[in-house]
Amino acid sequence: MNKALIIFIPVFIVLFVINQSFYGGCFKGYCLAAAFPKIIILSAIVTWIFYAISSQEESK
């Protein structure tokens, strides 16, 4: 779980900044509130992919 959290936090931050840059760099409260659900889901998916790949490499 700790490893997944270490992967999740940077992925979340990077995706969040990239997402907001596509919306004109809007970092106001209403823009951030609208972005959180989508970014959390995308971050979870990307984290799961990275975690699965890294666990396969460790088992080899």
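Shown above is the structure to which this text applies.
Caption draft 1: Main features of a nonpolar patch on the surface. Nonpolar side chains collect at one region of the surface, where I41, I45, W48, I49, F50 and I53 lie side by side and expose about 620 Å² of accessible area between them. Position of F50 relative to the elements: it lies in helix 2 (residues 29–59). What makes F50 partly exposed here is its relative accessible area of 43%.

Caption draft 2: The arrangement of helix 2 in detail. With 31 residues, helix 2 extends 43 Å between its outermost C-alpha atoms, agreeing within 8% with the 45 Å of an ideal straight helix rising 1.5 Å per residue. Along helix 2, the sharpest change in direction is near 40° and occurs at F36; proline P37 comes one to four residues later. Those residues of helix 2 not exposed but buried are C31, A35, I39, S43, T47 and S54. On the buried face of helix 2, the contacting elements are helix 1 (2–22).

Caption draft 3: Here's a closer look at helix 1. The terminal C-alpha atoms of helix 1, which comprises 21 residues, lie 31 Å apart, in line with the 30 Å expected from a rise of 1.5 Å per residue. Taken together, the buried positions of helix 1 are occupied by A4, I7, V11, F12, F16, N19 and Q20. The buried side chains of helix 1 occupy one side of the element, clustering within an arc of 165° when seen end-on. Where the residues of helix 1 are buried, they touch helix 2. G24 sits one or two residues past helix 1 and shows a positive phi near 75°.

About the criteria used
Residues numbered from 1 in each chain as written. Predicted model: local features only at pLDDT ≥ 70, side-chain atom pairs only at ≥ 80, totals over all residues. Heavy atoms only, no water. Patch = residues over 30% accessible without salt bridge, like charges linked within 9 Å, V, L, I, M, F, W, Y side chains within 5 Å. Areas by Shrake-Rupley, 256 points an atom, 1.4 Å probe, with all protein chains shown as cover. Salt bridge = Lys/Arg side-chain N within 4 Å of Asp/Glu carboxyl O. Helix = DSSP H or I, 4+ residues; strand = E, 2+ residues; numbered from the N terminus. Buried < 20%, exposed > 50% of the residue type's maximum accessible area, 1.4 Å probe, protein only. Expected span 1.5 Å × (residues − 1). Bend = angle between axes of the 7 residues up to and from the residue. Contact = heavy atoms within 4.5 Å. Arc of directions from axis to C-beta.

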